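Examining the three-dimensional arrangement
Listed here are the chains, written in short residue letters.
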Amino acid sequence: MEKKRETLPTSRQVVMSGIRPTGFLHLGNYFGAIRNYVKMQDDFDCYFMVADLHSLTTHPDTKELKQNVHRVIAENIACGLDVDKAAFYCQSHVPETAELYLYLNMMAYKGELEKTTTFKDKVRLQPQNVNAGLLTYPVLQAADIILHRAKYVPVGKDQEQHLEMARTFANRFNHRYGDVLPEPIAFNYNQPLLKVPSLDGTGKMSKSENQNATLYLADEDEVIRKKVMKTKTDAGPVKQNSTKPDYIENIFELMHLVSREDVFKKFEEDYNSCTIRYGDMKKQLAEDMVTFIAPIRAKVNTILNDGNYLKEVMEKGAAKANASANATMKLVREAIGLKYY
Ligand code: AMP
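Just so it is clear, the structure is predicted and the values come from calculations on it, not from any experiment.

Observations concerning the overall build of the chain
Looking only at helices and strands, the chain features 14 helices and 5 strands. Scaling as 2.2 N^0.38, a compact globule of 341 residues should have a C-alpha radius of gyration of about 20 Å, and the chain matches this with 22 Å. Taken over the C-alpha atoms alone, the chain extends approximately 75 × 45 × 45 Å along its principal axes. Within the chain, the proportion of its 341 residues that are buried is 49%. The contacts of the chain with a sequence gap of at least 6 include a subset with a gap of at least 24, amounting to 78%.

Rendered as structure tokens:
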């Protein structure tokens, strides 16, 4: 039943992404996602959201939800997100999300959801709460994106599989009901999606796991220095131009993110000529991290103290997001055939 449907004209490509309010944001969130939000907001129609509904799948206790939502808003703005350029809103302020989630659930099959890597990880982490929301997490994420008919989704490497699933659901919808929904793609300016490694080299930086090996945008200078200085190193290479062990590669990767190019190159050369002093490298990295994080931390605290401003931001964002969601849902309902007069 292939039917061509009208799609509403948009002058610019649409972008959508979100971050869960489940704790303090960290360097992984910044370099995997927020950095691109800030870059993209000038050239695209951007919808960025605080994914509060998603957080309920893993954090049913909502005692800290409000303060976490406020913090995520403040941290994004402190990093450069401009609420006059992008629509920046809370997921629960756009109720059409839940409606689209329902329709897309009919496009998703139990078997494929059970095979999702993040689902399997979360089952391992919270065996006492394997709820249906956890299973259908990729469907809700697809709904968030498709609700604005977004094409590009700036995310980190961990979201690659979810984006693939969002494309599958959009594609199935189009096949069944007509060509209404664009298929979204993960976006990082044609570069591979990023995974910012944890400081101990055992995984990625994360809001809730591995806290001592994660650098948070809220970390005080001394905490940053301590965390960086504790990273694992060894006696150094003995053969010129040798391959770096993972834990050393991680330190270089982090340096590449925050230090000047010439500083990074100097330590690369030192490594390749077996003259590297890891103590000096870590001191340099710690100072460059402090220089990067301290101004963001200070801005966050100022924004958090202004409750009226936070409310205005949320209201403005919700109005923009609701307008876009309503336009999409009109097309979706008609395409499905939910129109009886
Ligand atoms: P989350 O913290 O899971 O809500 O993720 C919010 C955004 O940050 C998503 O786009 C993730 O892909 C990205 N992200 C989270 N952790 C990392 C990391 N360690 N490296 C790169 N991107 C990340």
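Past the structure itself, the notes keep going.
Let's talk about the environment of K115
The residue K115 is located in the loop between α5 (110–114) and α6 (117–125) in this model. Sequence separation of K115 and L135 is 20 residues, and the distance between their C-alpha atoms is 9.5 Å. With residues up to four places along the chain from it excluded, the contact list for K115 reads K120 and Q161.

Thoughts on the pattern of salt bridges
Following the criterion strictly, the structure yields 24 salt bridges and no others. Ionic pairing is found between D84 and K316, a salt bridge with its closest N-O pair at 2.7 Å. Taken as a pair, D84 in the loop between α3 (65–78) and β3 (87–90) and K316 in helix α14 (residues 307–336) lie far apart in primary sequence, 232 residues in all. Here K157 and E160 are joined by a salt bridge, their closest N and O atoms 2.7 Å apart. Among the residues examined, K157 registers a relative accessible area of 39% and is labelled partly exposed.

As for the domain arrangement of the chain
Domains assigned within the chain are domain 1 (14–195 + 306–336) and domain 2 (219–301). Between domain 1 and domain 2, the residue contacts involve 10 residues of the former and 10 residues of the latter. Counting the surface domain 1 buries against domain 2, the share from its top three residues, L27, F31 and A78, is 58%. For the pair domain 1 and domain 2, the interface holds 0 salt bridges. In this structure, the connection of domain 1 to domain 2 is made through 0 residue pairs in polar contact (both at pLDDT 80 or more). Broken down by element, the side of domain 1 that touches domain 2 gets its largest block of residues, 4 residues, from α3. Here the residues of the side of domain 1 that touches domain 2 are counted per class, giving 7 nonpolar, no polar and 3 charged.

Regarding the site of the ligand
Around the ligand, the surrounding shell holds 18 residues, and the nearest of these are R20, G156, D158, V196 and K207. Between the ligand and the protein, one listed contact pairs an oxygen atom with a side-chain N or O atom of N29 at 3.0 Å. Between the ligand and K207 there is a distance of 2.6 Å, counted from an oxygen atom to a side-chain nitrogen or oxygen. Look at the ligand: alone it shows 480 Å² of surface, and the protein chains cover 95% of it.

A look at the environment of N129
Mapped onto the elements of the fold, N129 is located in the loop between α6 and α7 (132–135). By relative accessible area, which is 22% here, N129 ends up partly exposed. Spatially, the C-alpha atoms of N129 and P60 are 9.4 Å apart, while their sequence positions differ by 69 residues.

Remarks on a nonpolar patch on the surface
Taken together, L338, Y340 and Y341 make up a surface patch of nonpolar side chains, about 480 Å² in accessible area. Structurally, Y340 can be placed in the segment after α14. Of the residues examined, Y340 reaches a relative accessible area of 68% and is grouped as exposed.

So, the layout of surface pockets
The volume enclosed by the largest pocket comes to roughly 1,400 Å³. Along the walls of the largest pocket sit 49 residues, with R20, T118, D158, Q159 and K204 positioned nearest its centre. When residues of the lining of the largest pocket are traced back to their parent elements, those giving at least two are β1 (14–19), α1 (27–40), α6, α8 (137–146), β4 (152–154) and α9 (160–177). For the lining of the largest pocket, the element with the highest residue contribution is α6, accounting for 6 residues. Grouping the amino acids of the lining of the largest pocket by side-chain chemistry returns 15 nonpolar, 23 polar and 11 charged.

How each quantity is defined
- Residues numbered from 1 in each chain as written.
- Predicted model: local features only at pLDDT ≥ 70, side-chain atom pairs only at ≥ 80, totals over all residues.
- Heavy atoms only, no water.
- Helix = DSSP H or I, 4+ residues; strand = E, 2+ residues; numbered from the N terminus.
- Rg over C-alpha atoms; globule rule 2.2 N^0.38 Å.
- Buried < 20%, exposed > 50% of the residue type's maximum accessible area, 1.4 Å probe, protein only.
- Contact = heavy atoms within 4.5 Å.
- Salt bridge = Lys/Arg side-chain N within 4 Å of Asp/Glu carboxyl O.
- Domains from an automatic or database assignment.
- Buried area = accessible area lost by both parts, 1.4 Å probe.
- Polar contact = N/O pair within 3.5 Å; in protein donor to acceptor, adjacent residues only side chain to side chain.
- Nonpolar A, V, L, I, M, F, W, Y, C, P; charged D, E, K, R; others polar.
- Near = heavy atom within 4 Å.
- Areas by Shrake-Rupley, 256 points an atom, 1.4 Å probe, with all protein chains shown as cover.
- Patch = residues over 30% accessible without salt bridge, like charges linked within 9 Å, V, L, I, M, F, W, Y side chains within 5 Å.
- 1 Å grid on protein atoms, 1.4 Å probe; cavity = no way out; pocket = protein on both sides within 12 Å on 5 of 7 lines; lining within 4 Å.
- Points joined across faces, edges and corners; volume = space filled by probe spheres on them.

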